[in-house]
Amino acid sequence: MSGKYLGSYVSVDCGEMFGCYQGQVSNVDTFNQTITLKDVWKNGLKSSTDDVTLLAKDILDLSIIPSPKEDKTGSKADIEHLESQRIKKTTLPDTPSKLSKIKGRVGKDDVCFGTDVNMEKDFDFETNLALFDKKTVMGEIQSGKQQGPPPGPGTRTVSNFRHDENVLETLPPTYRQIHLPSPSTKEFLTDAGLVVPSASAELRKAMQDSMEKLGISIERRSESIARAVAEVALHFVGGPHRLTPKNSHQKPVVVVLCGNHPEAAGAVCAARHLATLGVQTVVYLQTLTVSHYLKKEIELYKLTGQSVINNEKHLPSASVDLIIASLLPPTWVGGDEIPKMKGIIEWANKQRAPTMAIDQPPYAVINTISWLDVKCTLSADLPLAYGDRDGKLYLYSLSTPRKVFQSLGIEYDSPFGSKFVITLHEAC
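Just so we're clear, the structure is a prediction, and the values are computed from it rather than from any experiment.

(A) Structural detail: the overall build of the protein chain. Counting secondary structure elements, the protein chain contains 14 helices and 18 strands. Burial analysis of the protein chain (428 residues in total) assigns 37% to the buried set. Expressed as a percentage of contacts within the protein chain between residues at least 6 apart in sequence, the contacts between residues at least 24 apart total 64%.

Set out below in C-alpha cells:
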C-alpha cells in the first residue's frame, strides 16, 4: 500500500527541532518506519543534499502537495501555512525531554528573538533615527553616568574614563627628586619638568672618588661616557643620512681634543665607537705624558686604524663636521693650562664645525676671552653651573648606583626615564 505514494510530492512538518521538508517521495520503508524524499526543500530553501530520510517518530504532520508542474506557487504557500501551524502546535504531545528543551530555549532567547518582524516591509530609518536622542545620550556619556538599567543593591559602579586617563590610582608627580647635601647655585629642568640641581666641582670630585672605592673604575665609566657622546655626535654629523653605502665617498670627519683626565679617556673611547661605525676620526692629545687609563684607551683606539696626533699643525685641513672637546676636567678650578692651549683653541674656533664639550668646566669658571666657542655641553649625572656661553646642555647617565649618591648624602632618583641622554633647560 505504501507503494502508491512513490513519486508523490509531500510536505512534512518535523516540528521545531528539525523544521519543514518538501520533496518527492522516493522510498517508503514500513519496516524501519522511514520515508525518503528527493529534490528536497528545507524551510523554504533548496537543500544541498540529494535526498533526505525522515523517521516516522519525528514527523508531526504530513500532507500531499501538487507537483511543481501542477502548481509552482504551492511550495511557498504550503511552507507559510506549515510554519504558522507549527508555531500554534506548541502544546502538541511530545516526549517530556524534547518538550522541556524546546520550552527552555524559547524562554531563554525570548528577549532577543521574541519580536515578530516583518522582513518584507522596508525599514523606516528616518523615523527610527528621530527617536534617538543623541544629545541626551552624549551628555550622559560625557558626564560619566552609567548606561543601562540602574544598578542593584551591592552592585559596584564603574566610572567612565577618557582615553588619556589612567585607570589605576597614582600619586601626584614629584618634580624635585634630587636633593643635595648643600644648596646648589643653579637649577635645570628636564623636558618632563623634573628639577635637576647643579653640583659643585668639589661634589663631582667626591662622586668620582666614591665610585673608585666601590669598584666603578675609570674604564667602566669611559664606556658610559663614550656611549652618550657617540649618540649625540651621530646626531650632529647627520646620522643615517651620512653613514650609508651610497654616501661612502664623503664620510663625516670628527676631531677629538683631549687633555689628561678621566673624562678625556671617555672622549677617546667615543672616538673608537664612532670609528667602528665608519666615521673618520682624529684624536689630538694636548700632552704626550698621559695617565695609564688614557694610554689604555689610546691603544684600543689605534686598533681602528685611525690617527693620533699631538701637534695642531697635523690637524685636518679639509672640512671638519664636528669637534669634540675634553681639554679640561669638570673638577678644574684654575691653573696655567689654558695658555698652552692657545694654538688648538684658535684652530677650533676657525672651523665651521660645531664644538661639543664633554664635562668641561663652565665658561664662568674659565673666565678668559681666549676659549672655545661651544655649541653644546654634555655633563654626567649632575651638571655643573653651566650658562649661555656653554651652549645647549645635555645630561647623560653614567649608570651610577644609588649607593654612590647615598654615601655622599645625596637623594637621587633618576631623571632619565627610558633614555641615557636627556636635554636640560635652565630654570627661570
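(B) Up close: helix α9 (residues 262–276). Taking 1.5 Å of rise per residue, the 15 residues of α9 would be expected to cover 21 Å, and the 22 Å separating its terminal C-alpha atoms lies within 8% of that figure. Counting buried residues in α9 gives 13 out of 15 residues, a clear majority hidden from the surface. Two residues or fewer past α9, Gly-278 is found with a positive phi of approximately 105 degrees.

(C) Focus on the pattern of salt bridges. Taken as a whole and judged by the stated rule, the model has ten salt bridges. Among the salt bridges present, the one from Arg-204 reaches Asp-359, with a minimum N-O distance of 3.1 Å. Of this pair, Arg-204 sits in helix α7 (residues 201–213) while Asp-359 sits in the loop between β14 (355–358) and α13 (363–366); the two residues are 155 residues apart in sequence, bridging distant segments of the chain. The class for Arg-204 is buried, based on a relative accessible area of 5%. Under the relative-accessibility criterion, Asp-359 is labelled buried at 0%. For the salt bridge of Glu-212 with Arg-221, the shortest nitrogen-to-oxygen distance reads 3.3 Å. Relative accessible area serves as the criterion here: at 39%, Glu-212 is assigned to the partly exposed category.

(D) Structural detail: the side chain of Asp-359. A polar contact of 3.1 Å, which involves the side chain of Asp-359, links it to the side chain of Arg-204. Side chain to side chain, Asp-359 and Ser-379 meet in a polar contact 3.2 Å long.

(E) View of the packing of α9 against helix α10 (residues 292–302). Running from N to C, α9 and α10 point in directions that differ by 5 degrees, and their axes come no closer than 9 Å. Taken as axis vectors, α9 and α10 run roughly parallel relative to one another. Side by side, α9 and α10 meet where Pro-262, Ala-264, Ala-265, Val-268, Cys-269, Ala-271 and Arg-272 of the first sit next to Tyr-293, Leu-294, Glu-297, Ile-298, Leu-300 and Tyr-301 of the second. Of the residues in the contact of α9 with α10, the class split is eleven nonpolar, no polar and two charged.

(F) Empty space enclosed by the protein, seen in detail. Per the stated rule, a full pass over the model turns up two cavities of 30 Å³ or more. Taken as a whole, the largest cavity holds about 120 Å³ of empty space. The wall of the largest cavity is formed by 15 residues, among which Arg-204, Gln-208, Arg-221, Glu-263 and Leu-398 lie closest to the centre. Where the lining of the largest cavity is concerned, the elements lending two or more residues are α7, α8 (218–236) and α9. Here the lining of the largest cavity is built from residues that sort into eight nonpolar, two polar and five charged. In this structure, the second largest cavity occupies an estimated 50 Å³ of space. If you go around the second largest cavity, the residues you meet are Ala-357, Gln-360, Pro-361, Tyr-363, Trp-371, Leu-372, Val-374, Thr-377, Tyr-386, Arg-389 and Asp-390. Taken together, the residues of the lining of the second largest cavity sort by class into seven nonpolar, two polar and two charged.

(G) Geometry of the confidence of the model for the protein chain. When pLDDT is averaged along the protein chain, the result is 82; 81% of the residues meet or exceed 70. Throughout residues 90–95 the model reports pLDDT below 50, and contacts reaching past four residues in sequence, or to other chains, amount to four contacts. Across residues 98–102 the pLDDT falls below 50, and counting only partners more than four positions away or on other chains, this stretch makes six contacts in the model.

(H) Here's a closer look at the packing of aromatic side chains. Considering all chains together, one arrives at one aromatic pair under this definition. Here Phe-405 and Tyr-412 contribute two aromatic rings whose centre-to-centre distance is 4.0 Å and whose plane-to-plane angle is 5 degrees, an arrangement assigned as stacked. One cation-aromatic arrangement involves Arg-389 over Tyr-363; the distance from NZ or CZ to the ring centre is 3.9 Å.

(I) Spotlight on the packing of α8 against α9. Direction vectors running N to C along α8 and α9 enclose 55 degrees, while the axes themselves pass 7 Å from each other. Viewed along their axes, α8 and α9 adopt a mutual orientation that is oblique. Our pair here, α8 against α9, has a crossing hand that is right-handed. Here α8 contributes Ile-218, Arg-221, Ser-222, Glu-223, Ile-225, Ala-226, Arg-227, Val-229, Ala-230, Ala-233 and Leu-234 to the contact with α9, which in turn contributes Pro-262, Glu-263, Ala-265, Gly-266, Cys-269, Ala-270, Arg-272, His-273 and Leu-274. Considering only residue class, the contact of α8 with α9 consists of twelve nonpolar, three polar and five charged.

Parameters at a glance
Residues numbered from 1 in each chain as written. Predicted model: local features only at pLDDT ≥ 70, side-chain atom pairs only at ≥ 80, totals over all residues. Heavy atoms only, no water. Helix = DSSP H or I, 4+ residues; strand = E, 2+ residues; numbered from the N terminus. Buried < 20%, exposed > 50% of the residue type's maximum accessible area, 1.4 Å probe, protein only. Contact = heavy atoms within 4.5 Å. Expected span 1.5 Å × (residues − 1). Salt bridge = Lys/Arg side-chain N within 4 Å of Asp/Glu carboxyl O. Polar contact = N/O pair within 3.5 Å; in protein donor to acceptor, adjacent residues only side chain to side chain. Axes fitted to C-alpha atoms, helices over the stretch in contact; angles between N-to-C directions. Parallel < 35°, antiparallel > 145°, perpendicular 65-115°, else oblique. Nonpolar A, V, L, I, M, F, W, Y, C, P; charged D, E, K, R; others polar. 1 Å grid on protein atoms, 1.4 Å probe; cavity = no way out; pocket = protein on both sides within 12 Å on 5 of 7 lines; lining within 4 Å. Points joined across faces, edges and corners; volume = space filled by probe spheres on them. pLDDT = per-residue confidence, 0-100. Phe/Tyr/Trp six-rings, centres within 6.5 Å; stacked < 30°, edge-to-face > 60°. Lys NZ or Arg CZ within 6 Å of the ring centre and 35° of its normal. Left-handed = near helix turned anticlockwise from the far one by under 90°.

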